[in-house]
Amino acid sequence: MVRKLSGGCLCDAVRFACVPVADEMRICHCTMCRRWTGSVFMGVEVNDCDIADESALGVYASSEYGERVFCKTCGSSLFWRMRDGSHVVVAAQAFDDPGRFELKAEIFIDEKPDNYAFAGQAVKLTGAQALAAFAAEGELNNG
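## Some remarks on the confidence of the model for the chain
- Looking at the chain as a whole, its pLDDT mean stands at 92, while 94% of the residues score no less than 70.
- Low pLDDT, under 50, characterises residues 139-143; the predicted model gives this stretch 31 contacts beyond four residues in sequence or across chains.

What follows is the structure in structure tokens.
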């Protein structure tokens, strides 16, 4: 049986339980993610996500295919998802146990400013490379 992992926003108005596709995360350096989070978006791809109180969620359609979901009370950045609901990425740090996720990739590395860097040997993809990889997988998870 696949185990759902719990998490929530800063004020706990939003609580969720989701099944991660893997115990890994990607970091997105795109300009939209950096402005949305005030840093980078550390995301975990999930399947089967239950949200306790969807009325607490705010949604911003950030592109023709993607939307960003946040807590309307505290403003926590929580989910990036396809507007049709076919793909969901959860903010890794919103999980109750975020330390379980290993950094596997950094995407939109060509948009990353020079004033920070992550340690480790994660795969680094430009925006064009990331979009091509996602298209090959049948998904887009940025925007």
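## Thoughts on the pattern of salt bridges
- With the rule as written, the count across this model stands at eight salt bridges.
- Linking Asp23 and Arg100 is a salt bridge whose minimum nitrogen-to-oxygen distance equals 3.3 Å. Note that Asp23 is positioned in the loop between strand E2 (15-20) and strand E3 (24-28) and Arg100 in the loop between strand E8 (88-91) and strand E9 (102-107), a separation of 77 residues in sequence.
- The exposure class assigned to Asp23 is partly exposed, which follows from its relative accessible area of 37%.
- Of the residues examined, Arg100 reaches a relative accessible area of 30% and is grouped as partly exposed.

## Side note on the pairing of E2
- As defined by bridge partners, strand E1 (residues 5-8) adjoins E2 across four bridges and the pair is classed as antiparallel. For Gly7, the partnering residue across the bridge sits in E2 and is Phe16.

## Regarding the packing of aromatic side chains
- Under the counting rule described, the total for this entry stands at five aromatic pairs.
- Consider the rings of Phe95 and Phe101, whose centres lie 5.0 Å apart with planes at 55°: the pair is tilted.
- For Phe101, a relative accessible area of 5% corresponds to the buried category.
- Note on Tyr116 and Phe118: the rings are 6.0 Å apart at their centroids and 80° apart in plane angle, and the pair reads as edge-to-face.
- On the basis of relative accessible area, Tyr116 is assigned to the partly exposed category, the value being 23%.
- For Phe118, a relative accessible area of 27% gives the class partly exposed.

## Some thoughts on helix H2 (residues 127-137)
- For H2, the complete set of buried residues consists of Gly127, Ala130 and Phe134. On an axial view of H2, the arc spanned by its buried residues comes to 65°, and they lie on one face. Exposed positions of H2 whose direction lies more than 90 degrees from the buried face are Ala128, Ala135 and Ala136.

## Re the nonpolar core
- Within the largest apolar cluster, 37 residues are counted, with the highest numbers of intra-cluster contacts made by Val14, Phe16, Phe41, Leu78, Phe79, Val90 and Phe95.
- Where this core is concerned, the elements lending two or more residues are E2, E3, helix H1 (31-37), strand E4 (41-51), strand E6 (66-71), strand E7 (77-82), E8 and H2.
- The element that contributes the greatest number of residues to this core is E4, accounting for five residues.
- With residues near it in sequence (within four places) discarded, Val14 still touches Gly7, Gly8, Cys9, Ile51, Ala56, Leu57, Cys71 and Leu78.

## Topic: the side chain of Glu67
- Looking at the element boundaries, Glu67 is found in strand E6.
- The class of Glu67 is buried, set by a relative accessible area of 11%.
- Side chain to side chain, Glu67 and Arg81 meet in a polar contact 2.6 Å long.

Conventions adopted
- Residues numbered from 1 in each chain as written.
- Predicted model: local features only at pLDDT ≥ 70, side-chain atom pairs only at ≥ 80, totals over all residues.
- Heavy atoms only, no water.
- pLDDT = per-residue confidence, 0-100.
- Contact = heavy atoms within 4.5 Å.
- Salt bridge = Lys/Arg side-chain N within 4 Å of Asp/Glu carboxyl O.
- Helix = DSSP H or I, 4+ residues; strand = E, 2+ residues; numbered from the N terminus.
- Buried < 20%, exposed > 50% of the residue type's maximum accessible area, 1.4 Å probe, protein only.
- Pairing = 2+ DSSP bridges.
- Phe/Tyr/Trp six-rings, centres within 6.5 Å; stacked < 30°, edge-to-face > 60°.
- Arc of directions from axis to C-beta.
- Core = buried A, V, L, I, M, F, W, Y, C linked by side-chain atoms within 4.5 Å.
- Polar contact = N/O pair within 3.5 Å; in protein donor to acceptor, adjacent residues only side chain to side chain.

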